[in-house]
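Residues per chain are reported as follows:
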Amino acid sequence: MHVIARPALLTFGAVHPAAKESLETWYRIMRRADFQNFSELRKTFASADYVDGFTVFDIGGNKFRLIAVIRYEWQKVYIRTVLTHKEYDKGAWKRGKQ
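Now for a description of the structure that goes with this document. (Residues numbered from 1 in each chain as written. Predicted model: local features only at pLDDT ≥ 70, side-chain atom pairs only at ≥ 80, totals over all residues. Heavy atoms only, no water.)

## Brief notes about the sheet that holds strand S5 (residues 76-84)
And then number 1: Spatially, the five strands line up as an open sheet ordered S1-S5-S4-S3-S2, and their pairing is mixed. Edge positions in the open sheet fall to strand S1 (2-4) and strand S2 (49-51), since each of these has one partner strand only. With strand direction ignored, the average angle separating the axes of adjacent strands in the sheet is 35 degrees.
And then number 2: Looking at chain direction, strand S3 (residues 54-59) and strand S4 (residues 64-71) are connected through five bridges and run antiparallel. Its bridge partner lying in S4, Thr 55 is registered against Ala 68.
And then number 3: Across the sheet, helix H1 (residues 6-15) is in contact with S1, S4 and S5; its angle to S5 comes to roughly 20 degrees.
And then number 4: Across the sheet, helix H2 (residues 17-32) lies against S1, S3, S4 and S5, angled at about 130 degrees from S3, the strand it touches most. (Pairing = 2+ DSSP bridges. Helix = DSSP H or I, 4+ residues; strand = E, 2+ residues; numbered from the N terminus. Axes fitted to C-alpha atoms, helices over the stretch in contact; angles between N-to-C directions. Contact = heavy atoms within 4.5 Å.)

Written out as structure tokens, the structure is:
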């Protein structure tokens, strides 16, 4: 899959060093993957959830969340944001929330 925008991962990893290795592992797996649907993705990322149009990944032992839109038919992953668990719980990342 083509992951768009890796700089979001690098920036978050620079600010939160505890997430850096886990984000890099996630990126390597996604870059080599050929998922056709969410069910196939869950075979590799069992804790992934589909929430309000986004795929949410637990990163770093559930300390961080990576939020993405995945277009399986185009083999593209669009990273919306990476958050701490506390930021994620606020819910501002969901569609229509500011």
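Here the narrative resumes.
## Some words on unusual backbone geometry
And then number 1: Cis rather than trans, the peptide bond between Ile 4 and Ala 5 has omega equal to 25 degrees.
And then number 2: At Asn 62, a position not held by glycine, the phi torsion is positive, near 75 degrees.
And then number 3: With respect to the helices and strands, the residue Asn 62 is situated in the loop between S3 and S4.
And then number 4: A residue is classified by how much of its surface remains accessible, and Asn 62, at 37% relative accessible area, is partly exposed. (Buried < 20%, exposed > 50% of the residue type's maximum accessible area, 1.4 Å probe, protein only.)

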